[in-house]
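The lines below spell out each chain.
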Amino acid sequence: MALPRLSRGRAVVLLLVLGVVAMGLSLLPWARATVPTVLGEQTVTVAGSDAAPATTAAGLALLATGLALALGGRWVIRLAAAAAAALGLVLGGSALQVLLDPEPRVLSAAGEVSGVRQIAGSVSITPWPYLVLVLGALVLVAAVLVARVPVTAASRRFERPSAPSAPTGRVRAMDDWDALGRGEDPTEREPG
């Protein structure tokens, strides 16, 4: 199956949407557990930003990558694709780390609530870290799509133009003025 080629604008929108989704998912509760307190048991929830702070940072970085892609040239496309791939791995790795071992994060939250790092029962995981894992894979696919963004003339507007192979009329005129300034006759030069 061949991947489609996105325009630069659509690639920018894709990265911005993925960044917003990553930040939104980091605000939701990822794990819950019951904590024994002096007054009874209390339920503690751990948000994604607390369970995996890299998720929020990766979301912000995706937003910055999308903005850079909107403004940059040929090299920025390549750098944005590499950055998106790295951020996809960060998102997936953060979610996977929480899914494999959520207990330390919940124990830390339990310590803040009751003063004792202890939970009653097991930790329940919400669907949000699973979605972040899928989001990491989607960001990796987006990185491939960004790498395939065509370089257009509009995307080269901030790049330095290459030196002309033959002098243009304007360059020749400036050379003639320089020759006059040195006291030379520009009409006596050999045609080049």
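Structural notes, computed from the coordinates. Note that the structure is a prediction, hence the values are computed from the model and not measured. (Residues numbered from 1 in each chain as written. Predicted model: local features only at pLDDT ≥ 70, side-chain atom pairs only at ≥ 80, totals over all residues. Heavy atoms only, no water.)

This brings us to the overall build of the chain. Scanning the chain for helices and strands turns up seven helices and three strands. Tracing the chain from N to C terminus, the helices and strands come up as α-β-β-α-α-α-α-β-α-α. Counting across all 192 residues of the chain, residues that qualify as buried make up 33%. When contacts within the chain are restricted to residue pairs at least 6 apart in sequence, long-range pairs at least 24 apart make up 73% of them. Accessible area for the chain stands at about 11,500 Å²; split by element, carbon and sulfur atoms hold 63% of it. (Helix = DSSP H or I, 4+ residues; strand = E, 2+ residues; numbered from the N terminus. Buried < 20%, exposed > 50% of the residue type's maximum accessible area, 1.4 Å probe, protein only. Contact = heavy atoms within 4.5 Å. Areas by Shrake-Rupley, 256 points an atom, 1.4 Å probe, with all protein chains shown as cover.)

Since one α-helical turn is 3.6 residues long, residues separated by three or four positions face the same way. Taking 1.5 Å per residue, twelve residues should reach 16 Å; helix H5 (residues 103–114) reaches 16 Å between its end C-alpha atoms and fits that length. In this structure, the buried residues of H5 make contact with strand S1 (29–37), strand S2 (40–47), helix H2 (48–51), helix H4 (74–100) and strand S3 (120–125). (Expected span 1.5 Å × (residues − 1).)

Let us look at the pattern of salt bridges. Within this structure, the stated rule accounts for one salt bridge. Between Arg 182 and Glu 184 there is a salt bridge, and its shortest N-O distance comes to 3.3 Å. (Salt bridge = Lys/Arg side-chain N within 4 Å of Asp/Glu carboxyl O.)

Another aspect to go through is the sheet that holds S2. In space, the three strands of this open sheet follow the order S2-S1-S3, with antiparallel pairing throughout. What marks the edges here is a single partner per strand, and that holds for S2 and S3. Between one strand axis and the next, the sheet turns through 15° on average, direction left out of account. One ladder, built from eight bridges, connects S1 with S2; its direction is antiparallel. Residue Arg 32 lies in a different strand from S2, and its bridge partner there is Thr 45. (Pairing = 2+ DSSP bridges. Axes fitted to C-alpha atoms, helices over the stretch in contact; angles between N-to-C directions.)

Here the focus is the packing of aromatic side chains. Taken as a whole and judged by the stated rule, the model has zero aromatic pairs. Over the ring of Trp 75 we find Arg 78, and its NZ or CZ is 4.6 Å from the ring centre. (Phe/Tyr/Trp six-rings, centres within 6.5 Å; stacked < 30°, edge-to-face > 60°. Lys NZ or Arg CZ within 6 Å of the ring centre and 35° of its normal.)

For Ser 94, the location among the structural elements is in helix H4. Residue Ser 94 is classed as buried on the basis of its relative accessible area of 10%. Looking at Ser 94, its side chain comes within polar contact range of the main-chain oxygen of Val 90, at 2.8 Å. In contact with Ser 94, not counting residues within four places along its chain, are Ala 52, Ala 54 and Thr 55. (Polar contact = N/O pair within 3.5 Å; in protein donor to acceptor, adjacent residues only side chain to side chain.)

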